[in-house]
Structures are given as C-alpha cells and as structure tokens.
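# A look at the structure
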Amino acid sequence: MFSREEKSLVDTGKIYVKAGDGGNGAISFRREKYIPHGGPDGGDGGNGGNVFLVATTKMNTLSFFQRKKKFLAENGENGSGGKSTGKSGKDEVIYSPVGTIVKDFETDEILSDLDKPGKVICLARGGEGGKGNTKFKSSINQVPRIATKGIEGEEREVILQLKILADIGLIGLPNVGKSSIISKISNAKPKIANYNFTTLKPNLGVVNMANKYGFIVADVPGLIEGAHTGIGLGFNFLKHVERCKAFVHVLDISHEESKDIISNYYNIRKEIEFYNPELLKRKEIIVGNKCDLMDKETMEKKTKDFTEKTGKPILPISAVTGFNLDKLKEKLIDIINENKSYLESLKTEKAPDFPDVQPLTTNVPYIGDFKAKKIDEGIFKVFGPAVDHYTKYIRTNADFQIFLINKLEEGNLTSKLLEQGAQEGDTVIINGKEFDFKL
Ligand SMILES: Nc1nc2c(ncn2[C@@H]2O[C@H](COP(=O)(O)OP(=O)(O)OP(=O)(O)O)[C@@H](O)[C@H]2O)c(=O)[nH]1
Ligand SMILES: [Mg+2]
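Residues numbered from 1 in each chain as written. Chains lettered and ligands numbered in written order. Predicted model: local features only at pLDDT ≥ 70, side-chain atom pairs only at ≥ 80, totals over all residues. Heavy atoms only, no water.

## Considering helix H7 (residues 385–393)
Taken together, the buried positions of H7 are occupied by Ala 386, Val 387, His 389, Tyr 390 and Tyr 393. Buried residues of H7, viewed axially, fall in a sector of 165 degrees; they line one side. Those residues of H7 that are buried lie in contact with strand E8 (146–148), strand E17 (379–383), strand E18 (394–396), helix H8 (400–409) and strand E19 (427–430). (Buried < 20%, exposed > 50% of the residue type's maximum accessible area, 1.4 Å probe, protein only. Helix = DSSP H or I, 4+ residues; strand = E, 2+ residues; numbered from the N terminus. Arc of directions from axis to C-beta. Contact = heavy atoms within 4.5 Å.)

## Concerning the coordination of the magnesium ion (ligand 2)
For the magnesium ion (ligand 2), the full set of protein donor atoms is Ser 179 (OG) and Thr 199 (OG1), and the range of their distances to it is 1.9 to 2.1 Å. In this pair, Ser 179 is assigned in helix H3 (residues 178–185) and Thr 199 in the loop between H3 and strand E11 (203–207), connecting sequence segments 20 residues apart. Per residue, the accessibility class of Ser 179 equals that of Thr 199, and both read buried. (Donors = N, O, S within 2.8 Å, 3.2 Å for Na, K, Ca; no water.)

## Notes on the nonpolar core
Grouped together as the largest cluster of nonpolar side chains are 23 residues, with contacts concentrated most on Ile 168, Ile 181, Val 248, Val 287, Leu 328 and Leu 332. Looking at this core, the elements with two or more residues in it are strand E10 (168–172), H3, strand E12 (215–219), strand E13 (246–252), strand E14 (283–289) and helix H6 (325–346). No other element matches the five residues that H6 contributes to this core. When sequence neighbours within four positions are dropped, the list of residues in contact with Leu 332 reads Ile 168, Ile 185, Phe 215, Val 248 and Ile 285. Judged by nonpolar contacts, the second largest core, of 21 residues, contains Ile 146, Val 387, Phe 400 and Ile 430. (Core = buried A, V, L, I, M, F, W, Y, C linked by side-chain atoms within 4.5 Å.)

## Digging into the site of ligand 1
Near ligand 1, the surroundings consist of 23 residues, among which Ser 180, Phe 197, Thr 198, Thr 199 and Asp 292 are the closest. Thr 199 places a polar side-chain atom, nitrogen or oxygen, 2.7 Å from an oxygen atom of ligand 1. At 3.2 Å from an oxygen atom of ligand 1 is found a main-chain nitrogen or oxygen belonging to Val 320. Considered on its own, ligand 1 offers 650 Å² of accessible surface; in the complex 89% of this is hidden by protein. Among the elements that line the shell around ligand 1, the one with the most residues is H3, at three residues. Of the residues contributing to the shell around ligand 1, the split by class is nine nonpolar, eleven polar and three charged. (Near = heavy atom within 4 Å. Polar contact = N/O pair within 3.5 Å; in protein donor to acceptor, adjacent residues only side chain to side chain. Areas by Shrake-Rupley, 256 points an atom, 1.4 Å probe, with all protein chains shown as cover. Nonpolar A, V, L, I, M, F, W, Y, C, P; charged D, E, K, R; others polar.)

## Some thoughts on helix H5 (residues 296–310)
Since the α-helix turns once every 3.6 residues, residues separated by three or four places project in the same direction. Over its 15 residues, H5 runs 21 Å from end to end, which matches the ideal 21 Å to within 8%, given 1.5 Å per residue. The set of residues buried in H5 consists of Met 299, Lys 302, Thr 303, Asp 305, Phe 306 and Thr 310. One face of H5 carries all of its buried residues, which in axial projection span an arc of 155 degrees. Exposed residues on H5 whose side chains face more than 90 degrees from its buried face are Lys 296, Glu 297, Lys 301, Lys 304 and Glu 308. Buried residues in H5 make contact with E13, helix H4 (258–275), E14 and strand E15 (315–316). (Expected span 1.5 Å × (residues − 1).)

## Overview of the sheet that holds strand E16 (residues 371–376)
With respect to topology, four strands assemble into an open sheet ordered E16-E17-E19-E20, the strand pairing being mixed. Two strands close off the open sheet at either side, each with one partner strand: E16 and strand E20 (433–436). Taken over all neighbouring pairs, the strand axes of this sheet differ in orientation by 30 degrees on average, direction set aside. Alignment of E17 against E19, held across four bridges, turns out to be parallel. Across the sheet, residue Phe 380 finds its bridge partner in E19, namely Val 428. Sitting on the sheet, H8 touches E17, E19 and E20, and the angle it makes with E19 is about 100 degrees. (Pairing = 2+ DSSP bridges. Axes fitted to C-alpha atoms, helices over the stretch in contact; angles between N-to-C directions.)

## Looking at the pattern of salt bridges
Going through the model one piece at a time under the given rule, you end up with 19 salt bridges. For Lys 392, the salt bridge identified is with Glu 152, shortest N-O distance 3.4 Å. Taken together, the residues span a long stretch of sequence, with Lys 392 in helix H7 and Glu 152 in the loop between E8 and strand E9 (155–163) at a distance of 240 residues. For Lys 392, a relative accessible area of 43% gives the class partly exposed. The exposure class of Glu 152 is partly exposed, given its relative accessible area of 35%. Look at the salt bridges and you will find they share partners, linking Asp 115, Lys 116 and Lys 119 into a network. (Salt bridge = Lys/Arg side-chain N within 4 Å of Asp/Glu carboxyl O.)

## Here we look at the packing of aromatic side chains
What the rule picks out here adds up to seven aromatic pairs. An angle of 80 degrees between the planes, with centres 5.4 Å apart, marks the rings of Tyr 265 and Phe 306 as edge-to-face. Here Tyr 265 is found in helix H4, whereas its partner Phe 306 is found in helix H5, with 41 residues between them in sequence. Assigned by exposure class, Tyr 265 and Phe 306 land together as buried. Taken together through their ring pairs, the aromatic side chains of Phe 64, Phe 65 and Phe 71 make up a single cluster. Directly above the aromatic system of Phe 105 lies the positively charged group of Lys 14, at a separation of 3.9 Å from the ring centroid. A cation over an aromatic ring shows up here: Lys 416 above the ring of Phe 370, its NZ or CZ 3.9 Å from the ring centre. (Phe/Tyr/Trp six-rings, centres within 6.5 Å; stacked < 30°, edge-to-face > 60°. Lys NZ or Arg CZ within 6 Å of the ring centre and 35° of its normal.)

This is the structure we're talking about:
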C-alpha cells in the first residue's frame, strides 16, 4: 500500500472489465428433400472475446480512465443449422501507459506490472461456446434434442496505478518560496505561508506548454542543514525527486548576506549528497528569489558575488511579481526538450504480444455428484453440483425435466431415493419441480 504522502504522486484508475459470453450450441436437424428425419446438424456457439490490457508509450497518464471505466468484449454468436459454428466475439483491447501496475480490486493482488511497451495481460477470459446437438448424437440417441449453453465470460474490477515521476524538482531551505514558484509556473495550488515547513508533503504541478507535452514539477518540503540526521522534514521526500531530470535550487536572496546565501547553497548540496551523491550530477538551475524586496543594485551585487564564488550562474527572480519566471520556464522547457528527444528515441512502440488464451470452460461434474434427502414425510429433495450444472448449461427443445431425470438416473437417482426410504407415490423435488416417485 502507498502511504498517505505518496498517494498524491500516484495516478490511479478503476475499471470494470467483462469478457464475452460463449454463444449457445444450436439444436437443429437436417432437412432435405426425401429425407424425413435428417440427423442432427446444430453447430457450436462461438467463443466469447477476451479483454486484454496492453502497455503503450503513447499515453502518459491514466486520465483516459476517468472518462471510460467499462470495457466489454463481444459475446460469441450462437451456433446454427448445417453444423455452422457461431462467430467468436471480438477481443476488447485496452491501452495503458508503460509503468502501469495492475491490481485485482477484490483481492488487491498485483496481476501485472506493465513495465515494457507491448506487454500484454489478459484481464478477463471469454467463455467457451456451447456444444450444438450434433455433438450429442450417440448410438442410443440418434435424435438428440439437447445442446449446451455458452459459458459466461469472466468479469472483474481492476485497479490501475501509475507512479507519476516528476521531471523537475524544486529544492531549497524552508520558506524560500518553492511553493510560491510552483504555484506560478504550474497548475499546482499549494499552501503558501510565511513560516518554515509550510509544505508537509510534495506537491505536483503540470507545466503546460504550447506543444502537446506538458511536464511535471514537484515541490518538496524544505531541506535544512542536518536533514540527513533526521532534522526537519524534507530528507525522506527526496525519493520523489530522485528520478527528476533537473533540480531548481531556490535561494532566498532578500534576507541574507552574500556569504550566507552561498553557504546555504552548499549546505543543501551537502544534504543531497548524503542522500545520493549521484543526484549532484543532475542538471540544476539556481534561482535567487524575492528580488522584489531589494533594489536593482543589491540584486546585481548578490548575484555577481554568488557567481564569482561558486562559478555558477544564478537567475534572479520574484515569485510574487513574476519577474524572470518566463525565463525560468524557458530554461526548464529546454531541459525537457533535450531529454524528450532522447526519450523519444527510446520509445519504439512494440506490437503487442497477445498471448494465446484458451476460452473459459466449466468443469462438468461427475454425474453421481448429487444427493437425495428426505425433507418431510413423503417428500424428498434431490440436489447437488450435477443437478445445478445440467440445469444451468443444458438447453433443449424437448422436456428438460425428463432429460434431467434420465441423466440423473445414470448417477443412480432411483437407488439414492430408495436408500433414503422413498416409496412409490412419494413426492420428489428436483430443480424446484415436483414429481411423483415411480418405480
Ligand atoms: N516578497 C516576496 N515574498 C515571497 C516571494 N516568494 C515567496 N514569498 C513569501 O515567502 C513565504 C514563503 O513562501 P513559500 O512559497 O511558502 O515557501 P516554501 O519554500 O514553499 O516554504 P516551505 O514549504 O516551508 O519549505 C511566503 O510568505 C511567501 O509569500 C517573493 O518572490 N517575494
Ligand atoms: Mg512550501
């Protein structure tokens, strides 16, 4: 399970899927000139379609599943005369972004991790088509007036989860204006206040761009010196920016002297190094925030001092007035585009590798798998899996009860009733209908 603070970083969807039912087997007899009683020629029903889920690189989020939540595969067609088999139902193919975790809603079991493009999982198997009466012809029954019904397709509710990975992470000391910046450049609406640790869990925001790709920025709780020893909040949240393409390191240059701004910068870098030294190699954009609180000269002096001492550029901005935020956005877009072309080159959409799925069948119970029981004076009930099975799956255009009794007789119906003390003339209830017991 995901902990509370991680929940907001996971895109989820819940869908209902139902595979197609098998078509029914047909009851039909050949009709030809001069042949009065042609043999049985009822064909089998077609199999129901399956529901597949395929990993694609063409989707980035699960927002599609906000709009469409129900996916049904086609039912198989019924069989017909002339031994003609019904057409199988068409499969339903659903696409989901690479990286989607698929879980069964009821059991919470992970069904699949769609970690590669083209990976396919069958979410629901179609039911097998019923058998036509042709299949029931035997030496003792030349005119079978029975067929079987198709099996129902599987259905289930499925949870889809996609971990959202931020492209850009905003880091820095508490109260420097990280949340203010994300609220200006993205659609995020975080809490902003003038005290440390206003942000208690990471915020994600989408930066919309003129072209079709947006990108995601994350604002993590402020880091402080000694964060790696457990002081403050931000350290554990660094895992959310571990996969970022770049960091925006936010410094408050209004309240501090140049030397303190520089030491603040290195202190945060040190904490990041403690977390994972690899992260120091990531691209970074350093911004000096709250420039509206100083005159131009002070701003220029502080940024110049910073660059002279560190050898790194710093972009003066103001989250409040919006000064240079467009420039910041442009720099971020450049980073995203550099990465995009690289990522695009990796994105070779693979043709889905559909598995060969056998249709769902039902186990035919042993014909003796039923019981007779005295339920009152002179009244007996016959019940069990064999009774249920034949009641559910046999179709006939003759008398079904007669078929059922004859069938159960193969499983010793009469002797089971006699064992329970049934006598001629007693009432026997099978499948909700009453009969007189005759010997
Ligand atoms: N004058 C001025 N104030 C700013 C600017 N940016 C942020 N602030 C103020 O600074 C305070 C802190 O801003 P936040 O955006 O909450 O800072 P934060 O870095 O997210 O803080 P934490 O979540 O505690 O780490 C708020 O009172 C903001 O209004 C700015 O450019 N100019
Ligand atoms: Mg904040």
